[in-house]
Amino acid sequence: NNFYLLSRKDTNSPRIDFLLKMKSALVVLLLVSVIASVQAICPWDTPGATRWSSGSYAASTVINVTSGKTVIYDLTSPVRYTGIYVNNGGTLVFDNANVVMETGFIVVEAGGSFLVGSSDCPFTKKSTVTYFGDRSTTFNALGDFGYKGLISLGNVQIISGSTRYPTWTRLSATLAVNGTTITVDDSVSWIAGDKIVIASTDYNGALSERFTIVSVSGKTITLNRPATYMHWGAGYEKAEVGLLTRDILFQGDASSDQSTFGGQSFFRAGSVQIKGAEFTRMGQAGILGRYPVHYHFLGDQVGKSVYLKDSSIHDTYQRCFTIHNSNGILVDGNVAYNATGHCYFLEDGIEELNTFNNNLGILAVPGTLLPSDNEPAIFWIMNLNNTITNNAACGGTFPYWVSLPVHPIGKSATAGLGANIWPRYVPLLKWDNNVAHSAERNGVHIDDGSNPDETTSMSSYTPLQGPYTTSTAVWNTPQITAEFTRQLAYKCRQYGWWARGAALSVAYSVFVDNAAGANQPADSNIVRDSVFIGETDNYGTLKQISWAQEDGRARPVVWNKAAVIKGFESYDSTGPQFSLRNTFYNFTNDSTRRAGAFGALPHGKFILPYTNMARQTVLNGVNEWAMESNVYGADGPAYSVFQDVDGTLTGSYGSYIVSNASIVRDNSCVQKPTWGDSWPFFVCPRTENGYSFLVVGNPDVGSTDFGSTLSDHYRAWFYKLGSSAANPVTGGDTDSTIRDGYTVNAPSRNAYAIKFNHPTPPSLTFGLMHAYTGEWVVLAIPYPQTTFTLTRGYGNTPMTAVNSRADLSAMTYYYSASEQTLYVIYIEDNGATEAPRDFPENGYIGNQITIKAGCGKTCTVNNYAIPSAWVDTDDKYRAVANGCGKSVDSQYEATAYFQYKPKTHVMTYLVHHNHPAATSIQIVNKAGQVVHTTPVAQSPVRSAFVLSANWFTQLYNGEWTVVVSSAAYPAGELSGAIGCSSGSCSAPPGTSTSDPCAAISGESIVYDDKLGSIGWADWSYSIDRNLAYTGDFKCGTSSAFVTVQGGALSLNQGGCYPGSCDASKSWIKPYLSVGSLKYLQFMVRTLNGTAQLSVSINTAEDKVKATVEPVPFNYIDNYSVQENWTRVKIPLSAFGITSTMYIGRLTMTIYQQWQSYNKGITLLLDQIKFVPDYSDPISATTSTPAVAFSAKTCGGSSQTSGAVTPSPTIAPPTSTGSSTPSPSTPSPTTPSPATPAPAPVPTATRAPGIVTLVGSKSKVWKYTQTAQSTLDFTTAVPSTWTTGTAPFGFGGGAAYGTVLNNTGSDYYFSRTFTLTGSASTVTGARLRVNCNRDVTFYINGKQLTAYSGTGKTAAYWNSMLNLDPSSWKTGTNVFSAVVKAQDTATLQFDAKITIGESDVSAIQEDGGANSASTVMGSMMVAVVAVVLCLFI
């Protein structure tokens, strides 16, 4: 086909340009062989076709191209026709000549065709189609599709072969005012007489200008007139230059400008291919569906080559290009200019899998069709399951407006379509390398979603994994990150980037010369690896309002030239917003206005949460922070707190930027004069408490409205207890009138009072948002003496009163009549413990407290005095971790603060560090055992856990260290000893010295090697159990082995009442009479981790059916149930049981809070019995003081503040501006950042196993698997294994384990062998891999090997990796690997362990050795451990 085109001397095609460069001899030779066999038949050469000029087609009539006919339209002078129908089976073809057509309409019926060239034989001349008509016309094509334009249900091909490329490019040098010559990035094939548009590079898209080309020489273009405005052509801000002229022209008639009733192109069915066409004076203002180019209800066109390419649409009265209920459309290389209303337009939100690539849009002015058209967008996007790449948008209110409905709206909704399409939750398909500039508001605006009535309102985009069926199915699926990459936004009057939602990430982007660079409101969002530039040399053209100019520069905010400019701005409420590895230039204060690399929303009604943060910040001569005074009396600036995670913003890691409010700062904070105005800002150092985000609400505001106008600002005041410093809080509103909610940042682990300027509302709610487990705050509320009902949690669990504020707990409250104060404490027990997306996400209140007072509207306390200061009685511990602790030359440091509550044995900790690549934080004891770990180590790290008695003793004796690991040092890079930092710390209390196996007078046995003899029977459900397990026991010869899978160990007595038993039925025993029995007592341990217990008792008469859950620590000798035996002793009074009752059933299981099943937890139970009071002596408390905190320093001084400055990692957007070729990437005026570094070798959560070999027969007597909490394991019990090789696995006894679905993370596999005895060696070890596809191993952070089993999916592909264990000898030996596979896989580890002669007492894997008898003889044991190989 190429050679056929060449024979026609068509040299305008780029393909032909290439062929002409070939040597003539080759061309001739190929022509001889090819032309004879392959020739494309051009549409105008169709055999049997008739020519229009030869027919009888009268002017001012309706013409029909009937079935079976092909008519070549060949008129070169205008004749006006009323209209043209192309009937089913008919074809209308434009001759390859300079044809001219005037008609009221062209209607292509189903089965008809309209061809202006074809993909094989493009049109190479010039054609003009002019549509005439006005609004008075009553004709309606095909009954519904209107008039004045092309309406098609058939096949349309409009393919130009003379399109000049590129369709758009960029200036390579600035065009000054009055300039008449431009240079551009690309050599162009444009010609004299072509019309072009040069985009504005100022804050006003209307400063774009249209020119006519006088001449072209390579990359230099001479214009027909001087430029009115300056158009910048350097750095990131290079004006786009778009070609408007095409050789195939469709236009409305001259009257269209007056009537705004232009032409339309409406494609309802069939195939549509348009390339290289021009559309102008198109669109019919105010009429739905009448757009310049409209692909309407074409349905699924994926893979069917339906497109609009390399075309221009300009000077339109309604829209540019619309896709409506059509999928798979390609929109590429087009230029649009001067549209009314939204330009590129996705209509209902049902449109998916379309591609907008390399398009240019310049200037959109307000329209009237939809309410949102009054704030027009260049790109109006209603569904992000589309590809948006390499586009540039200039002007409009929003160059890009992503307005997502809940479900599709408009005609799609009317037709009953889209019920399972959720645009606000569907994942982003692709957004990359787009440019937005010269916006009246925001460059990219993801907010204000579309409603069914076509209005818009505030909305969030929260991408979810799906499936997208029912609302329940959608909302119960996990969030997935939407990654927007390489966005360039400049000269926007408000924000370069505004994206409201959750799990949104914008990366490798550039924000220049905006009022604010980026703000991502609402939930957990991140901006990373990007560049922010406050101001450049692009000073603009001073054609704006005079008070928006200063020092020869146009300012972004029209009404206020002193408005603060900011780079990264954080938002009030929820959050957090996170800045990671961003670089900032040119944010400096001047005589007129202030500037800051960071700032916060100045007019937020709610508080800016303390979880907003920055890490690895690069500053280049900038003012770090800028913030306005309170705007409109808003709370946002007044109580803002912003975290500097690693010190790269403030110079001290773990510090906070805070406002002037006394509640958020103390005397350790340092004021920064350049950061604020009349409202100063401070830097506060890291502390042991951190901050909490208090939320107080008035749920019954409608009935207790004590002030209903927005001018009633100061609705409440917060105070630290013991302080008279008032902190007025305006409060937020949910109905724009009544202030019904209050939020405030405040140091955690403290107490605060709230006062009102009206009676205290009788109904209040209180909680902490973004709280971590163990975090607490006390709230004191003024109330007169009255009745109170308090509940906690969404289940409204009743709370009870106590007698002092010192007795407060999570489920109690205290009212002080003398102080007229109600005290409540909120303790978070369901909060976050880690950050799965590298930053904290817990933006909800876990167990909200609800207060209802009986005083109604008269809850007045006159002359209320703030109560005395709160005394925190918790013990304080601290550690400073650095490289010295691990003998590592590290530049990083961590400071860990620990708070231990002796009354509850809960340890909470807060760790600040400045390590950019930390992978975990662990607490490790002197024996090297990991006590607690947080696998995702984004700073600051907060967590909590219950200390067992032995852990408490280890902590007190200084046997714990905190260890920070990294990819480079997986065994730990930073380490520091933990010591008491509060002067004195509580000593561990004494413990029971009673023998738990000893008989107690009057006891009643439930289980002791077997079920008790008084009629106990096993009625258990949903558990694996062995009530005669001899593998481990505390007393006697066996224990009860129980693996909980959501069920319980249920023991039923099933007897008869004493005195009524049938003597002939001796197997029916009398019920157990409580009588003098006072306690339920038993021994318990786990085989895999820590568990909380739930215990229930039913009385025989069903008078009581009570549960104690979780069993409180004070009923457990060891405080918690772990992998060592402990006694549990629960008073029967805790169940409400009295001495007159009979026991019928005892049920024991794992406490299951919320939805988190503790499935797979294995318990061993022994000596279950009911006992009376008995002598239970307690050992004396130690008199030795706790080991004090002492920081180990490096080089004589501790690194207590220093920030580590990272290198920026950003690839700026490439500014593709044309179809062929692409313009080069613009060079910034500031230093060009580097390409992002490759991702580090992955690390993952560890799941260790335990195998112990003990005894003369070397029998495997114990095996456990400690798994990630998200995994579902059952535990194999190899109690019958003997010396030799025995396989075992997980998941219902499966030979090779249970293969889970993809969790998106790697599997960390580790085995540690401790061999005792000089004769012990490991003689062989290997890995067996069973995979469907690829698998890769990493050992100590380095890739060991990779196996490829791709394509072998019919059966498992097996391979062995033999390891060299020759160095594994007596002592501790570690093998570990990070394993990842592309498909389902399992991993099997074999270790041949030779046990030496009689000096060996135990072989142990990842666990504590137990005493054992002497090993007899030399034996070979192979332990086969099957683990899961999770795939990514």
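Residues numbered from 1 in each chain as written. Predicted model: local features only at pLDDT ≥ 70, side-chain atom pairs only at ≥ 80, totals over all residues. Heavy atoms only, no water.

## Points about the overall build of the chain
Across its full length, the chain carries seven helices and 108 strands. Within the span of the chain, comprising 1432 residues, buried residues form 60% of the whole. Here the contacts in the chain between residues at least 6 apart in sequence split such that 71% fall between residues at least 24 apart. In the form shown here, the chain has an accessible surface area of approximately 51,500 Å², with 51% of it arising from carbon and sulfur atoms. (Helix = DSSP H or I, 4+ residues; strand = E, 2+ residues; numbered from the N terminus. Buried < 20%, exposed > 50% of the residue type's maximum accessible area, 1.4 Å probe, protein only. Contact = heavy atoms within 4.5 Å. Areas by Shrake-Rupley, 256 points an atom, 1.4 Å probe, with all protein chains shown as cover.)

## Regarding the confidence of the model for the chain
Per-residue pLDDT for the chain has a mean of 79; in total, 75% of the residues score no lower than 70. Ignoring residues within four places in sequence, the model shows residues 1196–1335, a span with pLDDT below 50, making 483 contacts including any to other chains. With pLDDT under 50 throughout, residues 1344–1432 is counted as low confidence; its partners more than four residues away or in other chains account for 342 contacts. (pLDDT = per-residue confidence, 0-100.)

## What to know about the pairing of strand β3 (residues 70–73)
Covered by surrounding structure in β3 are T70 and I72 together with V71 and Y73, the residues of both alternating faces. Note that strand β1 (residues 50–51) and β3 share two bridges and pair parallel. Each bridged residue has a counterpart across the sheet, and for T50 the counterpart in β3 is V71. Summarising the sheet, β3 and strand β6 (residues 91–94) pair through four bridges and their orientation is parallel. Residue pairing in the sheet places V71 in a bridge with L92 of β6. (Pairing = 2+ DSSP bridges.)

## As for the sheet that holds strand β75 (residues 821–827)
The sheet built from seven strands is open, its strands ordered β65-β64-β68-β70-β75-β74-β73 with mixed pairing. Unpaired on one side and paired on the other, β65 (727–729) and β73 (800–801) mark the two borders of the sheet. Bridge analysis of strand β74 (residues 812–816) against β75 gives four bridges, and the strand direction is antiparallel. In the sheet register, S816 faces β75, and the bridge partner there is T821.

## Quick look at the state of the cysteines
Two cysteines form a disulfide when their sulfur atoms are joined by a covalent bond. One pass over the structure, following the stated rule, counts six disulfides. Through a disulfide, C42 is tied to C121; the S-S separation comes to 1.7 Å. Taking the sign of the S-S torsion, 70 degrees for the link of C42 and C121, the bridge is right-handed. Here the residue C42 occupies a position in the loop between α3 (24–34) and β1, and C121 occupies one in the loop between β9 (113–116) and β10 (127–131), the gap between them amounting to 79 residues. When its relative accessible area of 0% is taken as the criterion, C121 is described as buried. Each sulfur of the disulfide joining C855 and C859 lies 1.8 Å from the other. Between C855 and C859, the disulfide has an S-S torsion of 100 degrees and is therefore right-handed. C859 gets classed as buried once you look at its relative accessible area, which sits at 1%. (Disulfide = S-S within 2.5 Å.)

## Some thoughts on the side chain of T103
Take T103: it is sitting in strand β7 (residues 100–103). The class for T103 is buried, based on a relative accessible area of 0%. At 2.8 Å, the side chain of T103 forms a polar contact with the backbone oxygen of F105. The contact partners of T103, leaving out residues within four places of it in the chain, are Y81, T82, G83, I84, T130, Y131 and F132. (Polar contact = N/O pair within 3.5 Å; in protein donor to acceptor, adjacent residues only side chain to side chain.)

## Here's the deal with the nonpolar core
Nonpolar side chains in soluble globular proteins tend to be buried together. Judged by nonpolar contacts, the single largest core of 106 residues is most densely connected at F114, Y295, F321, W431 and F484. If we ignore the near neighbours within four places in the chain, the residues touching Y295 are F267, V272, I274, V306, Y307, L308, F321, T322, I323, H324, S326 and I329. (Core = buried A, V, L, I, M, F, W, Y, C linked by side-chain atoms within 4.5 Å.)

## Observations regarding the side chain of K566
Its location among the elements puts K566 in strand β53 (residues 565–570). With a relative accessible area of 3%, K566 lands in the buried category. There is a polar contact of 3.2 Å between the side chain of K566 and the backbone oxygen of A600. The contacts of K566, once residues within four sequence positions are left out, are N514, A515, A516, G517, F587, G596, F598, G599, A600, P602, A626 and E628.

## Some remarks on unusual backbone geometry
Each neighbour pair has its own omega, and for Y165 with P166 the value is -10 degrees, a cis peptide bond. A positive phi angle is found at D448, which is not glycine, with a value near 50 degrees.

## Observations concerning empty space enclosed by the protein
Rolled over the atoms, a probe as big as a water molecule pinpoints where empty space is left. Taken as a whole, this structure holds 12 cavities of 30 Å³ or more when the rule is applied. Estimates place the volume of the largest cavity at around 130 Å³. Taken together, 14 residues line the largest cavity, and the ones lying closest to its centre are R749, T908, Y909, L910 and R942. Of all the elements in the fold, those that place two or more residues in the lining of the largest cavity are β79 (906–913) and β82 (941–946). Top element by residues in the lining of the largest cavity is β79. It accounts for three residues. (1 Å grid on protein atoms, 1.4 Å probe; cavity = no way out; pocket = protein on both sides within 12 Å on 5 of 7 lines; lining within 4 Å. Points joined across faces, edges and corners; volume = space filled by probe spheres on them.)

## Section: the pattern of salt bridges
What the rule picks out here adds up to 36 salt bridges. Between E535 and R553 there is a salt bridge, and its shortest N-O distance comes to 3.9 Å. Here the residue E535 occupies a position in the loop between β50 (531–533) and β51 (549–550), and R553 occupies one in strand β52 (residues 553–554), the gap between them amounting to 18 residues. With a relative accessible area of 19%, E535 lands in the buried category. Judged by relative accessible area, R553 falls into the buried class, the value being 14%. A single salt-bridge network, built from bridges that share partners, covers E535, R553, R555, D590 and R593. (Salt bridge = Lys/Arg side-chain N within 4 Å of Asp/Glu carboxyl O.)

## Some thoughts on the sheet that holds strand β14 (residues 181–183)
Read across the sheet, six strands follow the order β13-β20-β15-β16-β17-β14 without closing on themselves; strand pairing throughout is antiparallel. Edge positions in the sheet fall to β13 (168–170) and β14, since each has one partner strand and no second. Across the sheet, the mean angle from the axis of one strand to that of its neighbour is 35 degrees, orientation sign disregarded. Strand direction decides the pairing type here: strand β15 (residues 195–198) and strand β16 (residues 209–217), joined by four bridges, are antiparallel. Its bridge partner being in β16, I198 is matched across the sheet by E209. (Axes fitted to C-alpha atoms, helices over the stretch in contact; angles between N-to-C directions.)

## Quick word on the packing of aromatic side chains
Tallied over the full model, the rule gives 49 aromatic pairs. Through a chain of ring-to-ring contacts, three or more aromatic side chains come together here, namely F511, F532, F568, F584, F587, F598, W625, F642 and F681. The ring of Y1079 carries the charged tip of K1129 above its face, separated from the ring centre by 4.5 Å. (Phe/Tyr/Trp six-rings, centres within 6.5 Å; stacked < 30°, edge-to-face > 60°. Lys NZ or Arg CZ within 6 Å of the ring centre and 35° of its normal.)

## Describing the environment of A597
Relative to the assigned elements, A597 resides in strand β56 (residues 595–600). Relative accessible area serves as the criterion here: at 0%, A597 is assigned to the buried category. For the pair A597 and F532, spaced 65 residues apart in sequence, the C-alpha separation works out to 7.7 Å. Beyond its immediate chain neighbours, meaning those up to four positions away, A597 contacts G567, F568, F584, F587, L619, V622, N623, E624 and W625.

## Overview of the pairing of strand β48 (residues 516–519)
Inspection of the sheet shows strand β45 (residues 495–499) paired to β48 by three bridges, in the parallel sense. Of the residues in β48, the one forming a bridge with Y495 is A516.

## Section: a nonpolar patch on the surface
On the surface, V302, L353 and L429 cluster together into a nonpolar patch covering about 240 Å² of accessible area. Relative to the elements of secondary structure, L353 occurs in the loop between β31 (344–346) and β32 (355–357). (Patch = residues over 30% accessible without salt bridge, like charges linked within 9 Å, V, L, I, M, F, W, Y side chains within 5 Å.)

## With respect to helix α7 (residues 949–956)
An α-helix turns once every 3.6 residues. As a result, residues three or four positions apart point the same way. Of all eight residues in α7, six are buried; the element is thus mostly enclosed. Listed in full, the buried residues belonging to α7 are A949, W951, F952, Q954, L955 and Y956. Phi turns positive, to about 75 degrees, at G958, one or two residues after α7.

## Notes on the environment of A40
Following the sequence through the fold, A40 ends up in the loop between α3 and β1. Classification of A40 as buried rests on a relative accessible area of 10%. For A40 and D120, which are 80 residues apart along the polypeptide, the C-alpha to C-alpha distance reads 6.5 Å.

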